[in-house]
Amino acid sequence: MNVRSRLPSLTLVWLALVALSLGSLGLGGWLHGSPWLPLLVAAIVWCKCFLVARRFIEVGSAHPFVARVVAVFIALAPAALVLTSFFGDAIARWASL
Amino acid sequence: MSHAAQMSGTARRFPGNKGIWVGISCEFLEFAVMFALYFIARAHHPEAFVAGAERLSRIAGTAITLVMVSSSFLVAASVDALRAGLRPRALACLSAALVLALAYPLVKFLEIGWNLDQGIGGNSGIFFTVYYYLTFNHLVHASWGIIGMVWVLARLAWGAYTPEEHSGLEALGSYWHATDIIWLVIFPLFYVVN
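Just so it is clear, the model here is predicted, and its values are computed rather than measured.

What counts and how
- Residues numbered from 1 in each chain as written.
- Chains lettered and ligands numbered in written order.
- Predicted model: local features only at pLDDT ≥ 70, side-chain atom pairs only at ≥ 80, totals over all residues.
- Helix = DSSP H or I, 4+ residues; strand = E, 2+ residues; numbered from the N terminus.
- Buried ≥ 20, exposed ≤ 12 C-beta atoms within 10 Å, placed from the backbone.
- Contact = placed C-beta atoms within 7 Å.
- Rg over C-alpha atoms; globule rule 2.2 N^0.38 Å.
- Core = buried A, V, L, I, M, F, W, Y, C linked by C-beta atoms within 7 Å.
- Nonpolar A, V, L, I, M, F, W, Y, C, P; charged D, E, K, R; others polar.
- pLDDT = per-residue confidence, 0-100.
- Expected span 1.5 Å × (residues − 1).

Quick look at the overall build of chain B now. Of the regular secondary structure elements, chain B holds 7 helices and 0 strands. Taken from the N to the C terminus, the helices and strands of chain B come in the order α-α-α-α-α-α-α. Each of the three principal axes of chain B carries a C-alpha extent, and together these read 55 × 30 × 20 Å. The buried share of chain B, taken over its 194 residues, is 43%. When contacts within chain B are restricted to residue pairs at least 6 apart in sequence, long-range pairs at least 24 apart make up 79% of them.

Here it is as structure tokens:
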């Protein structure tokens, strides 16, 4: 059975991904050295990964296992980036041999 | 199971097939360990990570990001076109995705040459050791995806997929989107956050 094309919405997602990628680069230059830069970058990374997961992989209609695996993975690095930026010394002490 | 039933939410499915999701889960686990290594190294040597990011080529990092995002979009567009019964468009989109994907190893090759010209090698410090470790691993995973894309493109051209049954194309899409997600995490960690 043929279904209606979702090309316009996929194109919008692609444009959003390009804009967010270029925007994060600009943000990196603008907020150079700011303690808030990692927080904003982490939010942008999560948004981009969420868009790919939701619209390209279609996790919304996927088996719960797929949805959970993707959700956990895309949350890991942004969370770690924020934690490392604000609690880097504590993490370094905790992760020392 | 019909596509309509799958998309209605009454039957939750594995995009592609279960096998590819075993592979993707292993890929995610592998990169989760490598990201843990990155963050532990960053917590111990924050100054090396700030200084290191300044020395990498942002043009190369941005080019790879645009290549990954765009080829991922084209693979999704190819799946979408086949579902809508537009096989020539599906072929064109997947062919374009492959051409774009092939730009990734090319840009990486040029980036490494540029790095070496700047004296940036694998033993230039903790930041660069982690950078080479993570980005080379990603390149290896992307190369598997490119090989898979060639195979799926050939099968699509031979008429192996139909609007009703195209799990092979979806499996490739799932793998390539997952590899795209991993790059979307890698890019800011090395090229943006400083």
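Secondary structure assignment for chain A yields 3 helices and 0 strands. Along chain A, helices (α) and strands (β) appear in the sequence α-α-α when read from the amino end. In terms of C-alpha radius of gyration, chain A reaches 17 Å, well past the compact-globule figure of 13 Å for 97 residues. Taken over the C-alpha atoms alone, chain A extends approximately 60 × 35 × 15 Å along its principal axes. Residues classed as buried in chain A amount to 34% of the 97 residues present. Relative to all contacts within chain A whose residues are 6 or more apart in sequence, the contacts with residues 24 or more apart total 57%.

A separate point is the nonpolar core. Of all hydrophobic cores here, the largest spans 80 residues; its most connected members are I181 and V185 of chain B. The leading source of residues in this core is helix α7 (residues 167-192) of chain B, at 17 residues. Those residues in contact with V185 of chain B that lie beyond four places of it in its chain are V45, C49 and A77 of chain A together with F35 of chain B.

By a widely used convention, the size of an interface equals the accessible area lost when the partners come together. Across the boundary between the two partners, chain A contributes 43 residues, which contact 48 residues of chain B. Elements with a minimum of two residues in the side of chain A that touches chain B: α1 (7-30), α2 (37-57) and α3 (64-94) of chain A. At 12 residues, the largest contribution of residues to the side of chain A that touches chain B is made by α3 of chain A. Taken together, the residues that form the side of chain A that touches chain B break down as 29 nonpolar, 10 polar and 4 charged.

The subject of this paragraph is the environment of W36 of chain A. Residue and element names in this part refer to chain A. Examined against the element boundaries, W36 turns out to sit in the loop between α1 and α2. According to the C-beta neighbour criterion, W36 is exposed, with 10 such atoms within 10 Å. Considering only alpha carbons, one finds W36 and L7, 29 residues apart in sequence, at a separation of 36 Å.

Residue and element names in this part refer to chain A. The phi torsion at E58 lies on the positive side, around 65°, for a residue other than glycine. With respect to the secondary-structure elements, E58 resides in the loop between α2 and α3. On the basis of neighbour counts, which here come to 22 C-beta atoms within 10 Å, the residue E58 falls in the buried class.

Quick look at the confidence of the model for chain A now. On average, chain A scores 92 in pLDDT, and the residues at 70 or more come to 98%. Mean pLDDT values for the elements of chain A range from 94 in α1 of chain A up to 96 in α2 of chain A.

All names here are of chain B. Model confidence for chain B is summarised by a mean pLDDT of 93, while 94% of its residues fall at 70 or above. For residues 4-10, every residue scores under 50 in pLDDT, and the model assigns this stretch 9 contacts once sequence neighbours within four places are set aside. Complex prediction metrics read pTM 0.93 and ipTM 0.94.

Let us look at helix α2 (residues 18-44) of chain B. If you check α2 of chain B, its first and last C-alpha atoms are 39 Å apart, about what 27 residues at 1.5 Å a residue would give, namely 39 Å. I20, W21, I24, E27, F31, F35, Y38, F39, A41, R42 and A43 of chain B are the residues of α2 of chain B that are buried. Those residues of α2 of chain B that are buried lie in contact with α3 of chain A together with α3 (46-55), α6 (126-157) and α7 of chain B.

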